[in-house]
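Notes for the structure review
Here is how the chains run, residue by residue.
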Amino acid sequence: MKVKLENLSKRWGKVVGADCINLDIGDGEFVAFLGPSGCGKTTTLLMVAGIYKPTEGYIRFDDRVVNYLAPKDRNIGMVFQSYALYPHMTAFQNISYPLKLQKTPKEEMKKRAQKVADMMDIGHLMDRKPAQLSGGQQQRVALGRALIKEPQLLLFDEPLSNLDARLRLTMRAEIKRLQVDLGVTSVYVTHDQVEAMTMADRVAVMKEGKLQAYSPPDELYDQPRTLFVAGFVGSPPMNFLDVEVVRENGDYHARRKGFDAVVPSDRGEKAAGKGNVILGIRPENITIANVGVSGEIYVVEPLGRDDLITVHIGEASVHVLSDPTLGLRMGQTVTLGFNTHKVQFFDPQTEKSLLWMD
Amino acid sequence: MNRTSRLERGGTPPLSHAPSGEETSSIGARMRSRLEAYGFLSPAVLLVTLFFFIPVIIIFILILSDLKSANFGTLQWWLPVNWSLENYAKIFGNKFFPKILGNTFFYVAVTLTLFIFSSALLIAVLTTHINRRAGFFFRVLWLLPRLTPSVIYIMMWQRMASRAPHGILNQLLVPLGISTGGDLIQAAPWLFVIIANGMIGASFGMVIFTSAIEAIPKDFMMASKVDGASTWQTIRHVILPSIKWPILFVITYQTLSLLTSFEQIMLLTDGGPGLYKTEVWALTAYHRALSNYFGNNQWGYGSAWAVILVIIGVAAASIYMRVFKFDELVQEPKIDLL
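Residues numbered from 1 in each chain as written. Chains lettered and ligands numbered in written order. Predicted model: local features only at pLDDT ≥ 70, side-chain atom pairs only at ≥ 80, totals over all residues. Heavy atoms only, no water.

1. Describing the pattern of salt bridges
The following threshold applies: Here a salt bridge means any side-chain nitrogen of Lys or Arg lying within 4 Å of a carboxyl oxygen belonging to Asp or Glu. Only DSSP runs of H or I with at least four residues qualify as helices, and only runs of E with at least two residues qualify as strands; both kinds are numbered from the N terminus onward. Only protein chains enter the accessibility calculation, which uses a 1.4 Å probe; a residue whose area is less than 20% of its type maximum is buried, one above 50% is exposed, and one in between is partly exposed.
This structure, assessed with the given rule, holds 15 salt bridges over all chains. Glu29 of chain A is the salt-bridge partner of Arg202 of chain A, the closest N and O atoms lying 2.6 Å from each other. Of the two residues, Arg202 of chain A sits in strand S9 (residues 202-207) while Glu29 of chain A sits in the loop between strand S2 (15-25) and strand S3 (30-34), which places them 173 residues apart along the sequence. Looking at Arg202 of chain A, the relative accessible area reads 23%, which means it is partly exposed. Given the relative accessible area of 12%, Glu29 of chain A is considered buried. Notably, a salt bridge pairs Arg145 of chain A with Asp227 of chain B, separated by 3.4 Å at the nearest N-O pair.

The structure is reproduced here in structure tokens:
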């Protein structure tokens, strides 16, 4: 089933939950709503679920406007952060609850619950109450309950936030695999950019109720359309430097005090002559080199595979991912090479990309 | 200098202190703190002893005696010689005993079912499913009967139910042909006894059920809606099971309170009209002990009625706890780890 949000807004008096959201979700697509808390991602999800009624705009399921359709008539499944398993029911009763509401015959109910339980690998836990299940098991029961009525749309509201890091990794992979196998259209709300990037076909980044970007993960990463997206997506986050781009002898130079880098002309020409602009570069695109910009190491943080080092260049500072075998120390002076093919430029006023916005 | 003062503040016990000396001083301190505790407790202990334990002991002696206004001062009721089970023989031999017992069960069961449980739950569910402010307003309305002093509240009912053309109810019912215009309380005493009491009692359950429903995590309601439940199905499958404990509490508490309450009935019908038409157990105990004919208050006999009522109350409470599986409600959840 396709989902389409048109100028969708939700307001409570003066409080804006979601502000004029426009996006399309294709049949069988996995879309993540990503943003910090309070950005309106859950509000939007709950409007899709039918719990909240939109103040303005339309929600379409396969071209049909469903604004006033009750949640029970939308044929959706939803997984909550708290799991929301009914505490007085056993795992079996929880999973088969949607079928019970449809007055499905007992035999069929058992059969389908068993099928879902086998899929989720919780067959042996069916007669336990939620309080007798671990977090991961509860998560599987909640997933089973969302899947049992074979919904046309699956909604996830930060489903992995309450799990420990290891389990989160396992469940992440499982949910992704399950979604592909079942081919059911899914919306996944998260504040964790790694979850969004790894699981989704397309990521909708939201901030203060507004949609900031809506694109596939790699595009989001390589071609951020706003300063917010560039800073929010990626870990460790992108470095930002205030620079001025000038053309000299046919080359484009990004310059600030103590910093001068030649940038490729296709990127440089879009930022040249605009006065102060913001240069963005990811930590993995800066290397310790023989020639380049020199700076002083402020701190070294070993991450295992890499060292994250903070280098002061004049008044600015940048994060760099470097090889631990280099044995860099605090206070040492290093020369940094910038992979300028990957630089981004943003307008400091509008905070929009100078490269990717038309 | 600095270091020593820091050490002292650090609380390491100086070695020079003899262990025995330390012990005695700590025993002294413990005694003192215990005395303090008893000191603070003593007013409460005194009050409970004076106004609860001693009266209870007196009651248990009284029920064995035949103390009444007529022999007060001459009967030595505290002497075992004057004790017997006569009072109980009188109660069970009373020809109105079955009537009073039936009245009590009828009154408690009907008021509890119609008002204190059903109406209270209905008000709580409805007012939590509408606009918050409107819900609050309606709940406040339902608190009015409880806030009104009993005498005024009952007088309002008496005025409403009085003969045509004075009573407002008769003004409605006579044209409809339902009433002939007589006093409605005389015509249907039970109806008024139950409604008047029920409307007071409903607010208790309402307040408790409302807070219990509001305390159910919103996720459960959302999950239920998404799972395909109508509002009624959500109420039945999610809300009601979640407030099982408050329901047990309200039913038990209100059964006991209905069993022992009598002032509204006394003010409204005084057990009438006629002989024992609406006389309930608690009212009988009151009538016998404190409001008898010719001022002959049968304290011993009345107390005997009251003590049986207490036994009935305890029995009812323990039956409720069985039915609602109280043990399971208070049990610790069995969590095991993955």
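2. Here's the deal with the sheet that holds S3 of chain A
Strand pairing within a sheet occurs via backbone hydrogen bonds; the two strands may be parallel or antiparallel. Residue and element names in this part refer to chain A. Our working rule: Paired strands, as defined in this entry, are two strands with at least two bridges between them according to DSSP. Only the stretch in contact is used when a helix axis is fitted, and all axes are lines through C-alpha atoms; the angle between N-to-C directions ranges over 0 to 180 degrees.
Reading across from one edge, S6-S7-S8-S3-S9-S10 is the order of the six strands in this open sheet, with mixed pairing throughout. Looking at strand neighbours, the two that pair on one side only are strand S6 (76-79) and strand S10 (210-215), the edges of this open sheet. Sheet twist, expressed as the mean angle between neighbouring strand axes with direction ignored, is 15°. Looking at chain direction, S9 and S10 are connected through five bridges and run antiparallel. Bridged to Val205 within S10 is Ala213.

3. Section: the interface of chain B and chain A
Note the cut-off: By the convention used here, residues are in contact when the closest approach between their heavy atoms is within 4.5 Å. Once two parts are brought into contact, the accessible area they lose, counted with a 1.4 Å probe and summed over both, makes up the buried area. Residue type decides the class: Asp, Glu, Lys and Arg count as charged, Ala, Val, Leu, Ile, Met, Phe, Trp, Tyr, Cys and Pro as nonpolar, and the leftover types, Gly among them, as polar.
Counting residues at the interface gives 22 residues for chain B, matched by 28 residues for chain A. At the boundary of chain B with chain A, total buried surface from both sides reaches about 2,200 Å², with 62% on carbon and sulfur atoms. Of all residues in chain B, Val226, Asp227 and His237 of chain B give up the largest surface area on contact with chain A, accounting jointly for 30% of the area buried on that side. Summed over the shared surface of chain B and chain A, the result is one salt bridge. Within the residue set of the side of chain B that touches chain A, elements represented by two or more residues are helix H10 (218-226) and helix H11 (231-242) of chain B. Take the side of chain B that touches chain A: its biggest share by element is seven residues, from H10 of chain B. When grouped by side-chain class, the residues that make up the side of chain B that touches chain A number 10 nonpolar, seven polar and five charged.

4. What about a nonpolar patch on the surface?
This is how it is decided: For patches, a residue must show more than 30% relative accessible area and have no salt bridge; joins then use 9 Å for like charges and 5 Å for nonpolar side chains, namely Val, Leu, Ile, Met, Phe, Trp and Tyr. Only the protein chains shown count as cover for residues, with accessible areas throughout obtained via the Shrake-Rupley method and a probe of 1.4 Å.
Judged by side-chain polarity, Leu46, Leu47, Leu50, Phe51, Ile54 and Ile58 of chain B come together as a nonpolar surface patch covering roughly 590 Å² of accessible area. The exposed category is assigned to Leu47 of chain B, whose relative accessible area is 51%.

5. Quick look at unusual backbone geometry
Residues and elements named next belong to chain A. Note that the residue after Ser235, namely Pro236, is joined by a cis bond; omega there is -5°. In this fold, Pro236 is placed in the loop between helix H8 (227-232) and strand S11 (239-248). Phi is positive for Asp62, close to 50°, though the residue is something other than glycine. Residue Asp62 is classed as partly exposed on the basis of its relative accessible area, which comes to 39%.

6. Brief notes about the packing of helix H6 (residues 150-161) of chain B against helix H7 (residues 168-176) of chain B
All names here are of chain B. What counts, and what does not: Relative orientations are named as follows: roughly parallel for angles under 35 degrees, roughly antiparallel for angles over 145 degrees, roughly perpendicular for angles from 65 to 115 degrees, and oblique for any other angle.
The geometry of H6 relative to H7 is characterised by a closest axis approach of 5 Å and an angle of 30° between their N-to-C directions. The orientation of H6 relative to H7 falls into the category roughly parallel. From H6, Arg159, Met160 and Ala161 reach across to H7, where they touch Ile168, Leu169 and Asn170. For the contact of H6 with H7, the per-class residue count stands at four nonpolar, one polar and one charged.

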